[in-house]
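Here are the chains, one letter per residue:
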Amino acid sequence: MKTIRTRTIMTGLILCLFLIVTACGSGNHTQPSVSPSGSAATVEPSVSPTEPAAATTEPSVSPSATATRQPSPSPSPSAAAATPKATDNKSPSSSAQPGATPTTTPAATPVTNGDEPSAISVFIAGDSTASPYDQEEFGPRMGWGQVFHEFFNDKVTIHNYAKSGRSSMSYINEGHLRKVANEIKEGDYLLIQFGHNDEKTDDLTRYTEPWTTYQQYLTQYVEVAREKGAIPVLLTPVNRNKFDGMGNLVPTHGDYPAAMIDLAEKLDVVVIDITEKSKELFESLGPERTKKEIFLHLEKGEHPNYPDGVQDDTHFKDTGAREIAKLIVEGIRENQLPLADYLK
């Protein structure tokens with residue numbers, strides 16, 4: 001009995017000692033949690049050195065993230081009107097792009113009174129293929145500019161200032177372009193056609209080189225028109241009457257037509273390719289009809305002004321002048337120039 005009592009007392013002491021040790025341990029430590037890997041996790045979340053501590057409790061969002069997480073508010077009517085559409089790049093907005101300038105400028109158009117177009121003038125600067133001739137002395141020789149008025153209504157006045165024998169250079173040097181500049185006004189047209197006499201290499205008062213001086217002088221005509229608010233139109237030179245044995249027209253103007261077309265593209269000027277149009281016309285007529293119907297070819301005694309006859313492969317008779325004028329009218333319509341509104 002004494003032995004049993006002693007064991008009971010010892011067991012009780014051991015139990016008390018265990019409880020005391022357990023109680024002391026729970027007061028100094030929290031219960032550790034175990035990560036799946038078996039290492040102890042900290043109570044305080046770790047913070048990356050590159051992120052602010054606030055990011056762990058209230059994460060910051062970059063502007064790009066904001067756009068995806070928060071729907072953008074709809075713009076007010078006034079804001080929507082002020083903001084150009086992203087797909088509309090034809091009309092620059094000064095508010096969207098400060099200092100931006102339009103890439104194109106509207107073409108000058110004649111002032112209108114109601115539905116009726118106002119009166120305008122068409123000026124012609126060119127050579128003998130366009131210039132007027134005294135019919136009593138030189139008829140039936142005519143330049144296309146001499147009959148050009150026949151294709152327009154009474155709202156248009158034709159000022160044919162083309163001069164026989166002039167090149168793009170000599171026309172300016174003699175002061176003829178200055179006369180045009182003094183008279184032309186806003187909404188008018190200036191038709192410019194040179195090339196025949198620019199080709200004359202043996203005459204330094206007229207010769208121009210296609211890709212340099214020819215373009216430089218033509219530019220002056222364009223500038224005169226634009227400075228006055230008028231509309232310049234370039235016309236490549238008319239072909240001469242020259243066919244090969246197969247009935248094909250032989251070009252005689254070298255690089256001058258191409259140089260004019262090139263300049264028109266650089267300056268953003270309308271060009272009517274009369275060189276190409278006259279080629280098509282002459283080849284459709286054939287050598288004989290071109291000679292008889294277009295150019296100044298007359299038999300001996302056929303006309304009193306040319307009693308010995310004439311074979312001119314550059315200048316036109318009256319019927320030819322009208323055919324060339326028709327080609328220019330055709331070009332006006334094809335280019336949709338406002339001048340077309342005045343055609344009959």
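Up top is the structure.
Given the structure is predicted, the values throughout are model-derived calculations rather than measurements. (Residues numbered from 1 in each chain as written. Predicted model: local features only at pLDDT ≥ 70, side-chain atom pairs only at ≥ 80, totals over all residues. Heavy atoms only, no water.)

1. What about the side chain of Ser121?
At step 1: You can see Ser121 is positioned in strand E3 (residues 120-126).
At step 2: A relative accessible area of 9% places Ser121 in the buried class.
At step 3: Within polar-contact distance, the side chain of Ser121 engages the side chain of His159 at 3.2 Å.
At step 4: For Ser121, the contacting residues outside a window of four places in its chain are Thr157, His159, Lys185, Asp188 and Tyr189. (Helix = DSSP H or I, 4+ residues; strand = E, 2+ residues; numbered from the N terminus. Buried < 20%, exposed > 50% of the residue type's maximum accessible area, 1.4 Å probe, protein only. Polar contact = N/O pair within 3.5 Å; in protein donor to acceptor, adjacent residues only side chain to side chain. Contact = heavy atoms within 4.5 Å.)

2. Some words on helix H8 (residues 256-267)
At step 1: Taking 1.5 Å as the rise per residue, H8 with twelve residues should run 16 Å; its terminal C-alpha atoms sit 16 Å apart, in good agreement.
At step 2: Inspection of H8 places Tyr256, Pro257, Ala259, Met260, Leu263 and Ala264 among the buried residues, and these make up the whole buried set. Buried residues in H8, looked at end-on, bunch into an arc of 160°, giving them a common side. Turned more than 90 degrees away from the buried face of H8 sit Glu265 and Lys266, all of them exposed.
At step 3: Its buried side turned inward, H8 meets strand E6 (189-193), helix H7 (210-227), strand E7 (231-235), strand E8 (270-272) and helix H9 (274-293).
At step 4: Once H8 finishes, Asp268 follows within two positions and takes phi at roughly 55°, a positive value. (Expected span 1.5 Å × (residues − 1). Arc of directions from axis to C-beta.)

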